[in-house]
Amino acid sequence: MHLQDILYSQGFGTRRVCAGLIQQGLVTIGGKVVNDPFADLDPEGLLFTVQGIEWAYHEKAYLMLHKPAGTECSQKPSTYPSIYTLLPSPLRLRPNKGAVQGVQAIGRLDQDTTGLLLLTDDGQFIHRMGSPKHHVPKVYEVTAKHPVDEAQMAKLLAGVVLDDDPKPVRAAACESDSPLHLRLTLTEGKYHQVKRMLAAVGNRVEGLHRSRIGQLALPADLAPGQWRWLDAGQVAALREKTPDKATGNPEVSQP
């Protein structure tokens, strides 16, 4: 694969821009300047530096982001900064045939909700993770305004009716380790679902944090606003793990 095509695929600009970066001596591999845009290289596992930015080649980008409060999961935010401003430029500019440039968030979290967010430029993976029929479990840490009692938890597990759908929505798992804390596992993704479910049982969400998606837990050492690549094993686990539809058990261990 030509070096200029490698840089282009990773989001460093148009092919002409990438060729210019290479010709100007701004690209190094193994500490050595490579100034031939048509240098033929094996991209798999390739490490290189562009204008001082160290980069590893990824055919497709799969990321996790610790979403901080006060950010919007939108390319065109209305009030708060976009989560995409937390990512380096190449991730926002990766070419994508017939689609928006760069990585896209899989689902959204409200501006005041924190926690685990996945991003990718793989359209099939977005569909796999976002499709309701796959029932990918998501774990939320809920801070409630009022103490959570057994009756409320029983209702959440049995199912509550939201105002836009007569079909009850149920929590796949529900537990509380303190009066105002609730750990809720959902396999659906309705608008403001956690907040509306708590309201339906007579309580209110004061704080909301997503700690897990499928088998992937938010790492303790990933601070709000930070991101990192998913490794091949994590991507494979997210693709393969599905809940037991007969029992509704999401088959995830609680964080």
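Located above this text is the structure these notes cover.
Residues numbered from 1 in each chain as written. Predicted model: local features only at pLDDT ≥ 70, side-chain atom pairs only at ≥ 80, totals over all residues. Heavy atoms only, no water.

### What about the overall build of the protein?
Formally: Helix and strand assignments come from DSSP, with helices taken as H or I runs of at least 4 residues and strands as E runs of at least 2, each series counted from the N terminus. Note on exposure labels: buried denotes an accessible area under 20% of the residue type's maximum, exposed denotes more than 50%, and partly exposed covers the range between, all computed with a 1.4 Å probe on protein chains only. Only heavy atoms enter the contact rule, under which two residues are in contact if any of them lie within 4.5 Å.
Counting its secondary structure elements, the protein contains 7 helices and 15 strands. Judged by the C-alpha coordinates and their principal axes, the protein covers about 70 × 40 × 35 Å. Taken over 255 residues, the protein has a buried fraction of 45%. In the protein, of all internal contacts separated by at least 6 residues, the share reaching a separation of at least 24 is 64%.

### Examining helix α2 (residues 15-23)
Residues C18, A19, G20, L21 and I22 constitute the buried set of α2. Packed against the buried residues of α2 are α1 (3-9), β1 (27-29) and β3 (47-50). Two residues or fewer after α2 comes G25, characterised by a positive phi angle close to 75°.

### Things to note about the sheet that holds β1
Quick reminder of the rule: For two strands to pair, DSSP has to find at least two bridges joining them.
The sheet built from 4 strands is open, its strands ordered β2-β1-β3-β4 with antiparallel pairing. Lying at the two open borders of the sheet, with one neighbouring strand each, are β2 (32-33) and β4 (53-56). Bridge analysis of β1 against β3 gives 2 bridges, and the strand direction is antiparallel. Looking at the pairing, T28 lines up with T49 of β3.

### Structural notes on the environment of G214
Here G214 shows up in the loop between β13 (205-213) and β14 (216-217). Residues G214 and M129, spaced 85 residues apart in sequence, show a C-alpha to C-alpha distance of 9.3 Å.

### Details of the packing of aromatic side chains
Put simply, the test is: For this analysis, a ring pair means two rings from Phe, Tyr or Trp (six-membered ring only for Trp) whose centres lie within 6.5 Å, classed as stacked if their planes differ by under 30 degrees, edge-to-face if by over 60, and tilted for the remaining angles.
Taken as a whole and assessed by the stated rule, the structure comprises 5 aromatic pairs. A ring pair is formed by W55 and W229, whose centres lie 5.9 Å apart and whose planes are at 80°; its orientation type is edge-to-face. Of the two residues, W55 is situated in strand β4 and W229 in strand β15 (residues 227-229); the sequence distance between them amounts to 174 residues. Taking the relative accessible area as the measure of exposure, W229 reaches 23% and is therefore partly exposed. Aromatic rings pair up to connect F12, F48, W55, W227 and W229 into one cluster.

### Things to note about the pairing of strand β11 (residues 173-178)
When β11 meets strand β12 (residues 181-186), the two strands line up antiparallel, connected through 4 bridges. Its bridge partner being in β12, C174 is matched across the sheet by L184. Adjacent in sequence and paired antiparallel, β11 and β12 are bridged by 2 residues.

### Quick notes on the nonpolar core
Selection rule: Only buried residues count toward a nonpolar core. Its members are Ala, Val, Leu, Ile, Met, Phe, Trp, Tyr and Cys residues joined through side-chain atoms within 4.5 Å.
Among the nonpolar cores identified, the biggest contains 49 residues, and L7, F48, L119, V142, L182, L184 and V194 are the most heavily contacted of them. Filtering out sequence-adjacent residues up to four positions away, L184 remains in contact with K138, V139, Y140, V142, L156, A171, A173, C174, V194 and L198. Within the second largest apolar cluster, 15 residues are counted, among which are L116, V136, L222 and L238.

### Observations regarding helix α6 (residues 193-200)
Three or more residues of α6 are buried, namely Q193, V194, R196, M197 and L198. Buried residues belonging to α6 abut β8 (138-144), α5 (150-158), β9 (160-162), β10 (165-169), β12 and β13.

Honestly, it's all geometry; don't read function into it.
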